[in-house]
Amino acid sequence: MSTNSASLQSSTVRTARPRRERSNITSEYSALLRYVRDAGLLGRRRGFYLLAFTTISVALAVAVTVFLLLGDSWWQLIVAGALGIILTQYAFLAHEAAHRQIFTSGRANDFAGRTLGNLFVGISYSWWMTKHSRHHANPNVLGRDPDIARDVVSFTADDAARARGLYGWFTRRQGYLFFPILVFEGLNLHLHGLRTVFGRGKVDKRPVEIVMLLTRLGLYVTAIFLVLSPGVAAAFLGVQLAVFGVYMGASFAPNHKGMPILPHDSRVDFLRRQVLTSRNISGGPIVQAFMGGLNHQVEHHLFPNMPRPHLRRAQALVKDYCATHEIPYTETTLVGSYGIVIRYLNAVGLSAGADPFDCPARTAFGR
């Protein structure tokens, strides 16, 4: 982990005026953007994405073939696990299409993202776009980033202090239990999508999404129960959803959890807001393939429409620029990031059942 990251974990960024004047903070990001653009790093890489989609689709075809050849067998659970991984890789591509990384045309990106998200993965593209866009605009900003809103897990001491009874017991141990409960995240993502498209809120292309989601769900579940006996079929669905949920959570959790949290009225400029709240994961091409490019989270947040293959090259420019402008840049290993997430969530969880104005986490975080 970088020397900067240790001092940043589990802290709240203060927005007091810095000691040295920064009259040009707006132009700082513009200058970095210009360097990146001049280096050609915002250009499309359709060949890469065609290869990625083809590779994943071949893996899917192999999994389907093995599924049909095995028939009603408990060995199918291996296929279910593989399918969970394959669907997560499709989700990465849908995420990149949503960020306009694949095609120049916004319409083409939306078509690809909606098709991959709804028809392949089974998650509402509109729901994901709305939630994820809010996150990118205000990462780790209290009351604005939906990814740190109180849910099963509490990400702030104030939220944790509200937990009582069995929920309080869980919250005090939420760091240790975080990865185990990700086995339910796959089901949770599917349910969120279905609630959204059948809810009363605004949904872009609602009829299309409903048809895609129901077609995918109907064909998938029907095929499984036609080939497998009820017990094996249920286990197959459970394993596939569990692997999908754990893989998704293990890829997204390291990026911001345990990084500084900004107050709701924060006036931190765009460049610092994105860099201070994001964590990169080292590890080279293997980690990049595993995380779908999310290992370069700092660069992804600074340039959301940058294609995955260019993120590594952009990192050198961004790190140098941050060092020049005295902006802390955080990077650690994948295993190290999981340790940070667990410790952070456990520290927050100590507040469970306590007075929200006098809790251990408040003292620990210096609030």
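Some points on the overall build of the protein
- Scanning the protein from N- to C-terminus turns up 17 helices and 2 strands.
- Evaluated residue by residue, the protein yields a buried proportion of 52% over its 367 residues.
- Across the protein, contacts joining residues at least 24 apart in sequence account for 72% of those joining residues at least 6 apart.
- Roughly 17200 Å² of accessible area belongs to the protein as shown, and the carbon and sulfur atoms make up 65% of that amount.

Things to note about the packing of helix H2 (residues 46-70) against helix H3 (residues 76-98)
- The interhelical angle for the contact between H2 and H3, taken along N-to-C directions, is 160°, at an axis separation of 10 Å. As far as their axial angle goes, H3 and H2 are roughly antiparallel. Classified by chirality, the crossing of H3 by H2 is left-handed. Mapping the contact onto sequence places Tyr-49, Ala-52, Phe-53, Ile-56, Ser-57, Ala-59, Leu-60, Ala-63, Val-66, Phe-67 and Leu-70 in H2 and Gln-76, Val-79, Leu-83, Ile-86, Gln-89, Tyr-90, Leu-93 and Glu-96 in H3.
- Looking at the contact of H2 with H3, its residues break down into 15 nonpolar, 3 polar and 1 charged.

What to know about the packing of aromatic side chains
- Scanning the model with the defined rule gives 14 aromatic pairs in all.
- Seen in terms of ring centroids, Tyr-35 and Tyr-321 are 6.0 Å apart; in terms of plane orientation they differ by 70°. Their pairing is edge-to-face. Remark: Tyr-321 occurs in helix H15 (residues 308-324) and Tyr-35 occurs in helix H1 (residues 25-38); sequence separation between them is 286 residues.
- By relative accessible area, Tyr-35 is classed as partly exposed at 43%.
- Looking at Tyr-321, the relative accessible area reads 8%, which means it is buried.
- Where Phe-178 meets Phe-179, the ring centres are 5.2 Å apart and the plane angle is 80°; that geometry is what we call edge-to-face.

Details of the pattern of salt bridges
- For the structure on display, the rule yields 9 salt bridges.
- The shortest N-O distance in the salt bridge between Arg-114 and Glu-209 comes to 3.2 Å. Placement of the pair is Arg-114 in helix H4 (residues 106-121) and Glu-209 in helix H10 (residues 206-227), with a sequence separation of 95 residues.

Details of the environment of Arg-37
- By the element assignment, Arg-37 lies in helix H1.
- A relative accessible area of 48% means that Arg-37 is categorised as partly exposed.
- It is 9.9 Å that separates the C-alpha atoms of Arg-37 and Ala-314, two residues lying 277 residues apart in sequence.

Some details on unusual backbone geometry
- Backbone geometry at Arg-100 places phi at a positive 65°, although glycine is not the residue there.
- The topology assignment puts Arg-100 in the loop between H3 and H4.
- Take Arg-100: its relative accessible area is 29%, and that puts it in the partly exposed class.

With respect to the nonpolar core
- One finds Tyr-90, Ile-224, Leu-228, Phe-236 and Phe-244 to be the most contacted residues of the largest nonpolar core, which totals 32 residues.
- Listing elements by their share of this core, those giving two or more residues are H2, H3, H4, helix H5 (125-137), H10 and helix H11 (230-252).
- Setting aside anything within four residues of it in sequence, one finds Leu-228 in contact with Phe-67, Gly-71, Asp-72, Ser-73, Gln-76, Ala-233 and Phe-236.
- Phe-92, Tyr-247, Ala-253 and Val-341 belong to the second largest nonpolar core, which has 22 residues in total.

Examining helix H16 (residues 334-349)
- For H16, spanning 16 residues, the distance from its first C-alpha to its last is 23 Å, which sits close to the expected 22 Å at 1.5 Å a residue.
- When you tally the buried positions in H16, you get 12 out of 16 residues, the bulk of the element.
- Turning to H16, its buried residues number three or more, namely Leu-334, Ser-337, Tyr-338, Gly-339, Ile-340, Val-341, Tyr-344, Leu-345, Asn-346, Ala-347, Val-348 and Gly-349.
- With a side-chain oxygen positioned 2.9 Å from the backbone nitrogen of Gly-336, the residue opening H16 is Thr-333.

So, the packing of helix H8 (residues 174-181) against H16
- Two numbers describe how H8 lies on H16: the axes approach to 7 Å, and their chain directions differ by 125°. Taken together, the axes of H8 and H16 are oblique relative to one another. Two secondary-structure elements touch here, H8 through Gln-174, Gly-175, Tyr-176, Phe-178 and Phe-179 and H16 through Tyr-338, Val-341, Ile-342, Leu-345, Asn-346, Val-348 and Gly-349.
- Looking at the contact of H8 with H16 residue by residue, the classes come out as 8 nonpolar, 4 polar and no charged.

A look at the confidence of the model for the protein
- In this model, the protein carries a mean pLDDT of 89, and residues with pLDDT of at least 70 account for 89%.
- Taken as a whole, residues 1-23 scores under 50 in pLDDT and shows 47 contacts with residues more than four places along the chain or in a different chain.
- Ignoring residues within four places in sequence, the model shows residues 358-367, a span with pLDDT below 50, making 22 contacts including any to other chains.

Side note on the environment of Trp-75
- Note that Trp-75 resides in the loop between H2 and H3.
- C-alpha separation for the pair Trp-75 and Phe-236, spaced 161 residues apart in sequence, amounts to 9.7 Å.

Focus: a nonpolar patch on the surface
- A grouping of Val-58, Val-62, Val-66, Leu-70, Trp-75 and Ile-78 is seen on the molecular surface, where their side chains present a nonpolar patch of about 570 Å² in accessible area.
- The element contributing the most residues to the nonpolar patch is H2, with 4 residues.

Focus: the side chain of Arg-308
- Checked against the element boundaries, Arg-308 lands in helix H15.
- With sequence-adjacent residues up to four places away left out, Arg-308 is seen in contact with Phe-48, Tyr-49, Phe-92, Leu-93, Glu-96, Gln-101, Gln-288, Gly-292 and Gly-293.

Conventions adopted
- Residues numbered from 1 in each chain as written.
- Predicted model: local features only at pLDDT ≥ 70, side-chain atom pairs only at ≥ 80, totals over all residues.
- Heavy atoms only, no water.
- Helix = DSSP H or I, 4+ residues; strand = E, 2+ residues; numbered from the N terminus.
- Buried < 20%, exposed > 50% of the residue type's maximum accessible area, 1.4 Å probe, protein only.
- Contact = heavy atoms within 4.5 Å.
- Areas by Shrake-Rupley, 256 points an atom, 1.4 Å probe, with all protein chains shown as cover.
- Axes fitted to C-alpha atoms, helices over the stretch in contact; angles between N-to-C directions.
- Parallel < 35°, antiparallel > 145°, perpendicular 65-115°, else oblique.
- Left-handed = near helix turned anticlockwise from the far one by under 90°.
- Nonpolar A, V, L, I, M, F, W, Y, C, P; charged D, E, K, R; others polar.
- Phe/Tyr/Trp six-rings, centres within 6.5 Å; stacked < 30°, edge-to-face > 60°.
- Salt bridge = Lys/Arg side-chain N within 4 Å of Asp/Glu carboxyl O.
- Core = buried A, V, L, I, M, F, W, Y, C linked by side-chain atoms within 4.5 Å.
- Expected span 1.5 Å × (residues − 1).
- Polar contact = N/O pair within 3.5 Å; in protein donor to acceptor, adjacent residues only side chain to side chain.
- pLDDT = per-residue confidence, 0-100.
- Patch = residues over 30% accessible without salt bridge, like charges linked within 9 Å, V, L, I, M, F, W, Y side chains within 5 Å.

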